[in-house]
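Descriptive structure summary
Single-letter residue listing:
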Amino acid sequence: MSGDSVDGEPAGSDTTAGGGSEDDNVGDDVPTGAGTQDAGGAAFGAPGIAPTWSSSDKDYVSTALGGSRLWATVGHGIINEIYWPSTGQPQVRDFGFYLIGDGATGAAHWFDLKRVRDYSLWTPGPYRPALTITHHGDDYELTLEVLPDPQRDVLLVRFQISGPYRLVAIVAPHLGSTGRHNSAWVDDGYGYARYGDFCLCLAADPPLLKVSCGYVGASDGWQDLDRHGHLTYAFTSAENGTVALTGEAPEAAGVLALGFAGSASGAITRARTALAAPFDALREEFLQDWNDWGARLRLPRPDDILGDAGLQSAAVLKIHEDRAYPGAVVASLSVPWGNSTDTLGGYHLVWPRDATLTAFALLAAHQLIDARHILAHLTATQRRDGRWPQNYFPSGEPFWIGVQLDEAAFPILLAAKLREIGEAELPGTKHMVRSAVGFIARTGPSSPQDRWEECPGVSPFTLAAAISALVAAAPWLSDEERDYALSIADDWNERLECWCYVCKTDLARQIGVNGYYVRIGSANRSSALSGQVQLRNRDGETIQASALVSLDFSYLVRLGLRNAHDPRVQDTIKVVDRVLKVDTPSGPVYHRYNEDGYGEHPDGRPFDGNGVGRAWPLLVGERGHLAMQSGEDPIGYLRTMWKCASSGGLLPEQVWDAAPIPELELAPGRPSGSAMPLLWTHAEFLKLLIAREQRRPIELLAAVEQRYLSSAADRFAARVAATWHWRDEVPVLMHETGRALLIEDRSAFRLHFGFDGWQRVDERVALEQPFGLWAVRLSAAELSGPSELNFTRRYQDRWEGVDHRVALGHANQERALISFG
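Residues numbered from 1 in each chain as written. Predicted model: local features only at pLDDT ≥ 70, side-chain atom pairs only at ≥ 80, totals over all residues. Heavy atoms only, no water.

1. Section: the overall build of the protein chain
Spelled out, the test is: Secondary structure follows DSSP: runs of H or I at least 4 residues long count as helices, runs of E at least 2 residues long count as strands, and numbering of each begins at the N terminus. Each residue gets one of three labels from its accessible area relative to the maximum for its type: buried under 20%, exposed over 50%, partly exposed in between, using a 1.4 Å probe on protein chains only. By definition, residues are in contact when any of their heavy atoms lie within 4.5 Å. Shrake-Rupley sampling with a 1.4 Å probe provides the accessible areas, and residues are treated as covered by the protein chains on show and by no other component.
Within the protein chain, the regular secondary structure consists of 18 helices and 36 strands. When each of the 821 residues of the protein chain is scored for burial, the buried share is 64%. Nonlocal contacts in the protein chain, meaning residues at least 24 apart in sequence, comprise 69% of its contacts between residues at least 6 apart. Accessible surface, the protein chain as shown: approximately 27,600 Å² in total, 48% of it carbon and sulfur.

2. Some remarks on the nonpolar core
The line we're drawing: To qualify as a nonpolar core, a set must consist of buried Ala, Val, Leu, Ile, Met, Phe, Trp, Tyr and Cys residues joined through side-chain atoms within 4.5 Å.
Counting residues in hydrophobic clusters, the biggest one holds 185 residues, and the most contacted among them are Leu156 and Ile440. In terms of nonpolar packing, the next biggest core, distinct from the first, is built from 48 residues, Leu70, Val74, Ala169 and Leu175 among them.

3. Points about the pattern of salt bridges
Operational definition: By convention in these notes, a salt bridge is any Lys or Arg side-chain nitrogen within 4 Å of a carboxyl oxygen on Asp or Glu.
Counted by the stated rule, this structure contains 59 salt bridges. If you follow the salt bridges from partner to partner, you end up with Asp450, Glu454, Arg519, Arg592 and Asp596 in one network.

4. Focus: helix α9 (residues 429-443)
Quick note on the threshold: Helix span, expected: 1.5 Å multiplied by one less than the number of residues in the helix.
With 15 residues, α9 should cover 21 Å at 1.5 Å per step; its first-to-last C-alpha distance of 21 Å lies within 8% of that length. Among the 15 residues in α9, 11 count as buried, and that is most of the element. Taken together, the buried positions of α9 are occupied by Thr429, Met432, Val433, Ser435, Ala436, Val437, Gly438, Phe439, Ile440, Ala441 and Thr443. Contacts from the buried residues of α9 go to α7 (368-381), α8 (405-420), α10 (460-472) and α11 (479-500).

5. So, the confidence of the model for the protein chain
Spelled out, the test is: A score between 0 and 100, pLDDT records how confident the predictor is in each residue.
Mean pLDDT over the protein chain works out to 90, with 88% of the residues at or above the 70 mark. Confidence over residues 1-14 falls short of pLDDT 50; this stretch has 23 contacts with residues more than four positions distant or in other chains. Below pLDDT 50 for its whole length, residues 813-821 participates in 38 contacts with residues either more than four positions away or in separate chains.

6. With respect to unusual backbone geometry
Cis geometry is adopted by the peptide bond preceding Pro85, which originates at Trp84 and carries an omega value of -5°. Locating Pro85 in the fold gives a position in the loop between β5 (78-83) and β6 (90-101). Omega for the peptide link from Asp205 to Pro206 comes to 0°, which places this bond in the cis form. With respect to the helices and strands, the residue Pro206 is situated in the loop between β15 (198-205) and β16 (209-215).

7. Focus: the packing of aromatic side chains
What describes a pair of aromatic rings is the distance from one ring centre to the other and the angle between the planes of the rings. This is how the line gets drawn: The rule is short: rings of Phe, Tyr and Trp, with Trp giving its six-membered ring, pair when the centres are within 6.5 Å, and they are stacked under 30 degrees, edge-to-face over 60, tilted in between. Sitting over a ring, as applied to charges here, requires NZ of Lys or CZ of Arg to be within 6 Å of the ring centre and within 35 degrees of the ring normal.
Scanning all chains against the criterion turns up 30 aromatic pairs. The rings of Tyr347, Trp351, Phe393, Phe399 and Trp400 are connected pair by pair, giving a single aromatic cluster. Taking NZ or CZ as reference, Arg419 lies 5.3 Å from the ring centre of Trp476, over its face. The ring of Trp724 carries Arg495 above its face, with NZ or CZ at 5.6 Å from the centroid.

8. A short note on the environment of Gln404
Our working definition: What qualifies as a polar contact is a pair of N or O atoms within 3.5 Å, subject to a donor-acceptor requirement within protein and to the restriction that residues adjacent in sequence count only when both atoms come from side chains.
With respect to the element layout, Gln404 can be found in the loop between α7 and α8. On a C-alpha basis, the gap between Gln404 and Glu454 in space is 9.9 Å, while along the polypeptide they are 50 residues apart. Excluding its chain neighbours within four sequence positions, the residues that come into contact with Gln404 are Arg353, Gln390, Ser447, Gln449, Asp450, Arg451 and Glu453. Polar contacts involving the side chain of Gln404 include one to the side chain of Gln449, which spans 2.8 Å.

9. With respect to helix α6 (residues 352-364)
With 13 residues, α6 should reach 18 Å at 1.5 Å per residue; the first-to-last C-alpha distance of 18 Å fits that figure. Counting buried positions along α6 gives 13 out of 13 residues, so the element sits mostly inside the fold. Just downstream of α6 lies His366, where phi reads positive at about 75°.

10. Digging into the sheet that holds strand β9 (residues 131-137)
Operational definition: Two strands are said to pair when DSSP picks up at least two bridges between them. Comment: axis = line fitted to C-alpha atoms, over the contacting stretch for helices; angle = value between 0 and 180 degrees taken between N-to-C directions.
With antiparallel pairing, 9 strands are arranged side by side in an open sheet as β8-β9-β10-β11-β19-β15-β14-β13-β17. Since the sheet does not close on itself, it has two edges, and those belong to β8 (119-122) and β17 (237-241), each with one partner. Neighbour to neighbour, the strand axes of the sheet diverge by 15° on average, direction disregarded. In the packing of helix α3 (residues 264-276) onto the sheet, the strands contacted are β11 (154-162), β13 (182-187), β14 (190-195), β15 and β19 (253-261), and the crossing angle to β19 comes to about 145°. The strands that helix α4 (residues 279-294) touches are β8, β10 (140-148), β11 and β19; relative to β10, the one it contacts most, it runs at about 55°.

11. Some points on the packing of α6 against helix α17 (residues 679-694)
Rule in force here: When describing relative orientation, an angle under 35 degrees is termed roughly parallel and one over 145 degrees roughly antiparallel, while 65 to 115 degrees is termed roughly perpendicular and anything else oblique. Here a crossing is called left-handed whenever its near helix is offset anticlockwise from the far helix by less than a right angle, and right-handed whenever the offset is clockwise. Asp, Glu, Lys and Arg are counted as charged, while Ala, Val, Leu, Ile, Met, Phe, Trp, Tyr, Cys and Pro are counted as nonpolar; the rest, among them Gly, fall into the polar class.
Between α6 and α17, the shortest axis-to-axis distance is 9 Å and the interhelical angle comes to 30°. Between α6 and α17, the crossing angle belongs to the class labelled roughly parallel. Relative to α17, the crossing made by α6 is left-handed. Residues Arg353, Asp354, Leu357, Thr358, Phe360, Ala361 and Ala364 of α6 touch α17, and the partners they reach there are Leu679, Trp680, Ala683, Leu686, Lys687 and Ile690. Taken together, the residues of the contact of α6 with α17 sort by class into 9 nonpolar, 1 polar and 3 charged.

12. A look at the sheet that holds strand β32 (residues 774-778)
One open sheet holds the 4 strands; their spatial order is β26-β28-β32-β31, and the pairing between them is mixed. The strands lining the two open edges of the sheet, one partner per strand, are β26 (723-726) and β31 (767-768). Two strands pair when backbone bridges link them, and β26 and strand β28 (residues 740-745) are joined in this way by 4 bridges, in the parallel orientation. Opposite Trp724, over in β28, you have Leu741 as the bridge partner. Its contacts with the sheet place α11 against β26 and β28, and it is angled at close to 85° to β26.

13. Focus: the pairing of β28
Counting buried residues in β28 gives 6 out of 6 residues, a clear majority hidden from the surface. By the alternation rule, side chains of β28 split into Ala740, Leu742 and Glu744 and Leu741, Ile743 and Asp745, which are all buried. When β28 meets β32, the two strands line up antiparallel, connected through 5 bridges. Its bridge partner being in β32, Asp745 is matched across the sheet by Trp774.

14. A few points about the packing of helix α16 (residues 635-643) against α17
Each pair of packed helices can be described by the angle between their axes along with the distance between the axes. Interaxial distance between α16 and α17 falls to 10 Å at its minimum, and their mutual angle equals 155°. Judged on the interaxial angle alone, α17 and α16 are roughly antiparallel. The interaxial crossing formed by α16 with α17 has left-handed handedness. In contact with Ile635, Tyr637, Leu638, Met641 and Trp642 of α16, α17 contributes Thr681, His682, Glu684, Phe685, Leu688, Leu689 and Arg692.

15. Description of the side chain of Thr681
Turning to its location among the elements, Thr681 is positioned in helix α17. Not counting residues within four places of it along the chain, the set of residues in contact with Thr681 comprises Pro617, Leu618, Met641, Leu651 and Pro652.

16. Topic: the state of the cysteines
This is how the line gets drawn: Counting rule for disulfides: a pair of cysteine sulfur atoms within 2.5 Å.
This model, assessed by the stated rule, comprises 0 disulfides. With no disulfide of its own, Cys498 has Cys500 as its nearest cysteine by sulfur position, at a separation of 9.4 Å. Given a relative accessible area of 8%, Cys498 falls into the buried group.

Dropping the structure here:
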């Protein structure tokens, strides 16, 4: 801290917490008045790095719907991360509870309730996140009512103890989203912490006793209890380190308040004002706001468990919406394997894909206002070139800057769905759609990253979203733009099997199918399916593109590009069921792809850039949608997904799928250390629950369905494209008779071309096309006689230095199924 005085904060103190390593102080009294030292860098009760955010111990998440800008997560019977003033800013690592006293035996002892873990959770309803935690013991019961103040940036906890114990609370601030360089102090019985412009204050009614601050692992309250069995420390200052605040409740009942503001005076004012309001009145206001929101929900109830699960999933989606930036929904209020990292990002960031799929789920549940808010936020955060950052903070500030083509497509699909159901158009929608279509047209069909944020190439998931967006954008485009967008869409749709489908491979023969869709076609332009794909989480290992499978193809069916009964789809289902499905006590769950490395190591160690990919409940939902669109009842998939949920009803990113490791709390079919909750999973569950009743995915647009499913005479044949688009990433190697050929690029060029070994040489200047592209069109008539087209390009005074060849006069040769023996 600086030497300047802040209201409620002393400029200096003569009672400073001892620092140093934990080993310096274990078993010894830390003297009051010790000089300020470096912060102890260890977790509570154990040496190591400064703790950050965990996700596998999540039980519940909560927020108010009023003016408050605070989000709380609960796990292992205590409060974990607290986010303020935005969902992208975790400020508290945990807010733990302990009991001290003589107990039934008369011997002094204390309990760390997070470690005892004998507790139950209760809420007044599946979409009313006013959580009550009850801890049970042989001679005690502690009830904690966790309530985000609906009016203020304050977290309230009302407590009641039955038994011969007193409550101790310990807060571990990680202000500024980091546990490092925080400062804490005590003044007039209140505990404060500060980092930059972030402050918190710990207060209570009745006021806490023995309030102290210290360095984690050296002089914090846990160390005090561990060494003495009761609180003895009275430190009033702990500067520039990983700090903690401690206080003891004087009575068996009371209310704790943790207030947040940009200054110490603001934090204490908010905390004391919240304590002055009747707790029951605040709780009633909190519940009324959630009741008003929940009254608009319209969800099926196939049974009570799944019905309540749907309501809770909808609430989880709503809880993750920011209020500083309405419509921003972060992927998860967690950091995967957070106990082993100090990243500023984690999953408390907005991924445009996850946000849009969340909006589709809320839209399906009749929360139209929420879906519109999400679209408005996406419109506001779009980049000038038409794309969105890979992910970003709710404010719109980019975090990761990768490019994923599907993330430019999904906002278009959301805008189109709102238009399809008759919703009034949001201001800025036309500009957003046209910009996004331009980016897709210029960039696709290959994407620098797939949806798993790992590999470049042509992915069936990304391609399905991009094609559908090009079709769905038609109402917002000029005639010229619309014709061009639809031409690209038809071309990509007709040729996608060239890039993403193989047959007669060793894997196909082993499973007894003709072929299957792959996870991604390699970015290698000359051999998209014979090339190698790098496994990013496996120390750079590679695998042949034709051997890598996933459920990414499911969106070809979901979005209406392929019929669920198409033999290619059904064969791929057989492949993923054989290769990716793993049986767990919760039911069959699926891996992202074979040889995935994103997950814990075999011994349970956290993912550290490498590991073993675990099973994803989200993918059970994708498989369930395929089953539903194939005419099956997907209720079994819904039940499997929900069995993977935490005790508080949160769906994880991954579940453990190997032998149990009890000491690491890893059990088959149960949440691993990955993100929890994962909004994408909750959204998928909710969408499948509703699609089961409606027999139609919410993302399926009538315009796409009519163009690619209803218009084909052969229900398994792709719509014939009048023009094929030659690009460097996806060159046309064999051209079918009767089609025009458009040779395209992103900058102006002159086409130098001839036929049959450079006979009849000619040149044409590329004409400017919509969306910033340039192209030369060769008509079907020009291409009908020769057997080969030869060409190269000149860019101002530079030749490209490559001679290209296109075989002409073929009938369906280009789209013949590709074999790899």
